[in-house]
Each structure stands twice: as C-alpha cells, then as structure tokens.
Amino acid sequence: MKHPLPLSQWLSPTRPDDTCIAWLGSRQWQLGELRHDVAQLTQSLQAQPGERWALCFENSYLFILALLATLHAGKIPVIPGHCRASLLNEQQDLFDGILSETPLECDGPQIIVSAGENASHAGDITLPPVAADSVVELFTSGSTGQPKKIIKPIALLDEEARMLHTRFEQRLEGCRFVASVVPQHLYGLTFRIFLPMACGLPLHAAMLYYAEQLSALDPEHRYVFISSPAFLKRLDAKLTPPPIDMILSAGGMLPWREAKETQEWFKVWPDEIYGSTETGIMAWRQRIDNSTSWQLFPGVTLRAEGEEWRLISPLLNDPEGLLLDDMLELVDDGFRLAGRRGRVVKIEEKRVSLSEVEKRLLALEGIVDAAALPVSRGGRQGIGVVLVLTESARQQWQATGGKAQELAWRRALLPWLEPVSVPRYWRVLDEIPVNSMNKRVYAQLQALFS
C-alpha cells in the first residue's frame, strides 16, 4: 500500500480519476467526480459570508464532499455530534450555516449538498489550497451539560490516520471500509473517513444498522468493519458470515463474551481501540484471552501524577499532555482500565452527560430537583434519575402509579437527548440526600435502584 496522503492531497492528481472513493448499492463515486463536486461546492461556500459551517450528513460521500469543500473554501467545518433540528436551533451560535443532504427545520443559512449526476471529471480545475493551520471543530457532552468544543487541527487528524496505517498497513491492503458508526464523532471521523481516504481505499457511503446488512456484503471484496461494541453485541450467528478481514471496535468496552462470539462468527478477533475525542487514539489490543492488556501506540506515553495519569501524545495540541479521566492499572506488558472519573459516562458506547440529563429534566414542569446516575440491571446499563417534584406534580405522579408520568417525561426529553440518554429508571423523593459538604451522596442514590 502506498504511503497515506494528508487531507490537503486527497484530491491530488497523483491519484487517477477512476479511483473508487465510495459506493452505495450499485452507485460508485470516483475521484474525478469528487474533484468536480468539491469544486462546485467550494465556489458556493466562497460566496457565503459565514465562517463556520455545520456538517449534518448520513451519506459518507456527501460528508467528504462537504468537509473538503469547506476547507478548500477557507471555512471551518463544525461537527455538532448530531443532526437533530431542535438542538441545532438551540446551538446555532456555534456555527454560521448548515450543510446537509436534506432540508432541516433550522434557522439561518442552509446549503443542500448533492452529488453531481454522472458529473464529468474535473479536468484541470484548480482548487484553493487547504491552509496548513486548518481545523475541525467537534462538540462532545461537557461536564456542565453544555456542548464542549474540541478543536482538532487537520494536521493531527492526518497524523492519526498515519499512525493507524503504520500499525495495520498489511491487514488494510486491498480492503473496503464498512461501518456501524457515524462520522459525527471523532471515532467515525478518523476511522470511517480519514483512514480510507488517506489510504485510497473505498468506503461504504451508508451506515450499517443490522447484522443482515453485513451478511449481505458482496463476497467479491474483502472488508474492514468499523464497529461499536453495541453492534457486536447484536450479531446473529445464524446468518452467513460476511467476508470481513478486520474488525475495529472503539467507543466503549467490549465484554469478553461478545469478543469471543464475534470471533466465532467472523473467524477474526476484533482489534479494540482505546481513545477519546480529546486524546485521539491512545492504545489498542487484540484479545485472544481476557487477560490481554492495552498497548500504547508508538509515540504515546503515560506519566503517573498521584492517582491520576497524564497522557503525552503526538495527537495532542499541548506538549504538556492531558490528565485522563480514566483510572489505569499498570501490568507487566501494558495497562488495564479500572474505571472512569467525572460526570460524563458511556452508555452503549455513547457519551452521556449526566449534567445535561439533569438540566433537561429541570426544564420540565413540576420537577424542582434532579440527580442522574448510571444504573446497571441484568448486565445492561441505563440512566437512572432521582427527582424532587412540586406538590401538584407529586400528587399526579402518585395518582397515575408513576408509569404514565414517566412516559410523558420520556417523550418530552426525546427532542433534546439521544435515546440512550433518556432515563430508564425513575425514583421520586422528598429531597435528594447530601453530606455535610452539601455534596450528593451517590452511594445512597445507587442503593435506591438496587
């Protein structure tokens, strides 16, 4: 495989026009078409006054088209982490306009992006260069409940793709990319977009939702599957195994049982990636037993500071590194994960801000106080909440047995929260227990759900 190219050279004439970029069913997009489409959208964006443009796409080819055009036009791509109109309207101060494949009920400028139908190849079109200091702005769940902005220089995303290529080059050779994760988060952005584009390998334009879609892949090709642990937990061993050469899993812990079941169906052990939006990739492992430890990527180091760990990485803006939220245990040949600090938890591989859940609950009529926490039941984790209600709301809660009111609260929260963030377990108290420092006693709150 050739050396991976940085984003500024993805459209380079050193790559032939007929290089397959993406496919969807029988439709294939080639590099010549992408050059043409990027040139068209770049011109449209140059005529717009706004600097920051939110990218809201399900189709990965259109996402790539919008990402490249935004950067070639000298604008800043903003990746809001979702495509829900209610939240985009609430967060509209984060961007100046929206690029999407379908009209959204949002305020402000919108450009609907589509691929040219059988577009002629771009020929000698010259695009403005991508600035060396270009960045992407991503948003994650912050500990305050407000979206937390992460500024990622394109140069660091290029470096992350290069590190992955170096580690997995031989296994990536000749493969196509399919994914069950969206490019609206760093994992999907790096692994589903940057890695195949840097390596010149085709990617599937749609997201996979079901094991049946994997099983139906064309056996004429070999594939790399970019997955979440949640997808690997839902495999159906009765289906025909797909022609997958490599499985990459990130975004949360993959239980050992699911790792074994994945290998039994695919006949491939998954490669797990440890990282975050803030840090990029940190470590990897391929478990063939449950004691396999995490190995740091070359150039990445950990330094103990009391009970915390500081990450030093070529993928960080700050040479001083970053203190991790995770608790680690060093072992002879690497390290193991031992839990997580902070108010952001992971439920089915999605980051859930407990502060955001509480904020949305407090905006509902009749709720005067709220505490959110992760609750485990039968091997499944969800969000539990403890509420303090007004007298009238409490009477209504008691009169309906609680279930009707819980359903109403869930419906009211869905426009604002990811489905996994909507509480599954509810408790109502006269007051939320606190200690002598007026801090909530989460051990007592957890006991309410035992």
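- For the protein chain, an unreviewed UniProt entry supplies the name AMP-binding protein and the organism Scandinavium hiltneri.

## So, the packing of helix 1 (residues 31-46) against helix 2 (residues 60-72)
Line of reasoning, step 1. Running from amino to carboxyl end, helix 1 crosses helix 2 at an angle of 50°, the nearest separation of the two axes being 8 Å. The angle between helix 1 and helix 2 places the two elements in the oblique class. In terms of crossing hand, the pair formed by helix 1 and helix 2 is right-handed. Residue-level contacts link E33, L34, D37, V38, L41, T42 and L45 of helix 1 to Y61, I64, L65, A66, L68, A69, T70 and H72 of helix 2.

## Observations regarding the sheet that holds strand 24 (residues 380-389)
What holds strands together in a sheet is hydrogen bonding between their backbones, with the strands either parallel or antiparallel.
Line of reasoning, step 1. The strand order across the open sheet formed by three strands is 23-24-25, and the pairing between neighbours is mixed. Looking at the sheet topology across the chains shown, the edges are occupied by strand 23 (367-377) and strand 25 (425-428). Across the sheet, the axes of successive neighbouring strands diverge by a mean angle of 20°, strand direction being ignored.
Line of reasoning, step 2. One ladder, built from ten bridges, connects strand 23 with strand 24; its direction is antiparallel. Paired with R377 across the bridge in strand 24 is R380.

## So, unusual backbone geometry
Line of reasoning, step 1. Positive phi, normally seen in glycine, also occurs at K267, with a value near 65°.
Line of reasoning, step 2. If you trace the backbone, K267 turns up in the loop between helix 8 (256-266) and strand 13 (271-276).

## What to know about helix 11 (residues 403-413)
Line of reasoning, step 1. Within helix 11 the residues assigned to the buried category are Q405, E406, W409 and L413. Buried residues of helix 11 fall within an arc of 100° about the axis and therefore sit on the same side. Exposed side of helix 11, more than 90 degrees from the buried face: K403 and R411 are the residues found there.
Line of reasoning, step 2. Looking at the buried side of helix 11, the elements it contacts are helix 9 (354-362), strand 23, strand 24, helix 10 (391-399) and strand 25.

## Describing helix 4 (residues 154-172)
Line of reasoning, step 1. Its 19 residues place the ends of helix 4 only 22 Å apart at the C-alpha level, less than the 27 Å of an ideal helix rising 1.5 Å per residue.
Line of reasoning, step 2. The largest bend in helix 4 is about 55°, located at T166.
Line of reasoning, step 3. What helix 4 keeps buried is the set I154, L156, L157, D158, E160, A161, M163, L164, H165, F168 and L172.
Line of reasoning, step 4. Of the residues flanking the end of helix 4, it is G174, one or two places downstream, whose phi is positive at about 75°.

## Focus: the pairing of strand 4 (residues 76-79)
Line of reasoning, step 1. Burial along strand 4 is two-sided: I76 and V78 facing one way and P77 and I79 facing the other are all buried.
Line of reasoning, step 2. Looking at chain direction, strand 3 (residues 52-56) and strand 4 are connected through three bridges and run parallel. If you follow R52 over to strand 4, its bridge partner there is I76.
Line of reasoning, step 3. As a crossover connection, the stretch from strand 3 through helix 2 into strand 4 is right-handed.

## Regarding the sheet that holds strand 16 (residues 301-305)
Line of reasoning, step 1. Reading across the sheet, the three strands line up as 16-17-18 and stay open at both edges, with antiparallel pairing between neighbours. Each edge of the open sheet is held by one strand with a lone partner, namely strand 16 and strand 18 (322-323).
Line of reasoning, step 2. Alignment of strand 17 (residues 308-312) against strand 18, held across two bridges, turns out to be antiparallel. In the strand pairing of strand 18, R310 is matched with L323.

## Examining the packing of aromatic side chains
Line of reasoning, step 1. Inspection of the entire model under this criterion finds 14 aromatic pairs.
Line of reasoning, step 2. Here Y187 and F191 contribute two aromatic rings whose centre-to-centre distance is 4.9 Å and whose plane-to-plane angle is 65°, an arrangement assigned as edge-to-face. One end of the pair is Y187 and the other is F191, both in helix 5 (residues 186-199) and four residues apart, which spans about a single turn. Comparing Y187 with F191 shows no difference in burial state: the two are buried.
Line of reasoning, step 3. Residues Y209 and Y210 carry aromatic rings whose centres are separated by 6.4 Å and whose planes lie at 50° to one another, so their mutual orientation is tilted.
Line of reasoning, step 4. Y209 gets classed as partly exposed once you look at its relative accessible area, which sits at 41%.
Line of reasoning, step 5. Judged by its relative accessible area of 53%, Y210 falls in the exposed class.
Line of reasoning, step 6. Every member of this aromatic cluster is reached through a ring pair, and the members are F225, F231, W265 and F266.
Line of reasoning, step 7. The residue whose ring lies beneath R176 is W23, and the NZ or CZ to ring-centre distance is 4.5 Å.
Line of reasoning, step 8. Lying over the aromatic face of Y425, R377 brings its terminal NZ or CZ to 4.7 Å of the ring centre.

## Looking at the pattern of salt bridges
Line of reasoning, step 1. This structure, assessed with the given rule, holds 24 salt bridges.
Line of reasoning, step 2. R257 is paired through a salt bridge with E261; the nearest N and O atoms lie 3.8 Å apart. Residue R257 and its partner E261 are both found in helix 8; the two are separated by four residues, about one turn of the helix.
Line of reasoning, step 3. On the accessibility criterion, R257 (56% relative accessible area) is exposed.
Line of reasoning, step 4. Its relative accessible area of 37% is what places E261 among the partly exposed residues.

## With respect to the side chain of T42
Line of reasoning, step 1. If you trace the backbone, T42 turns up in helix 1.
Line of reasoning, step 2. With relative accessibility at 1%, the residue T42 sits in the buried group.
Line of reasoning, step 3. Discounting chain neighbours no more than four positions away, the residues touching T42 are A69, H72, A73, L127 and P128.

## A closer look at the environment of L5
Line of reasoning, step 1. With respect to the helices, strands and loops of the structure, L5 is situated in the segment before strand 1 (20-24).
Line of reasoning, step 2. By relative accessible area, which is 18% here, L5 ends up buried.
Line of reasoning, step 3. Taking the C-alpha atoms as reference points, L5 and F297, 292 residues apart in sequence, are found 20 Å from one another.

Reading the values: rules and limits
- Residues numbered from 1 in each chain as written.
- Predicted model: local features only at pLDDT ≥ 70, side-chain atom pairs only at ≥ 80, totals over all residues.
- Heavy atoms only, no water.
- Axes fitted to C-alpha atoms, helices over the stretch in contact; angles between N-to-C directions.
- Helix = DSSP H or I, 4+ residues; strand = E, 2+ residues; numbered from the N terminus.
- Parallel < 35°, antiparallel > 145°, perpendicular 65-115°, else oblique.
- Left-handed = near helix turned anticlockwise from the far one by under 90°.
- Contact = heavy atoms within 4.5 Å.
- Pairing = 2+ DSSP bridges.
- Buried < 20%, exposed > 50% of the residue type's maximum accessible area, 1.4 Å probe, protein only.
- Arc of directions from axis to C-beta.
- Expected span 1.5 Å × (residues − 1).
- Bend = angle between axes of the 7 residues up to and from the residue.
- Right-handed = clockwise from strand over helix to strand, strands pointing away.
- Phe/Tyr/Trp six-rings, centres within 6.5 Å; stacked < 30°, edge-to-face > 60°.
- Lys NZ or Arg CZ within 6 Å of the ring centre and 35° of its normal.
- Salt bridge = Lys/Arg side-chain N within 4 Å of Asp/Glu carboxyl O.

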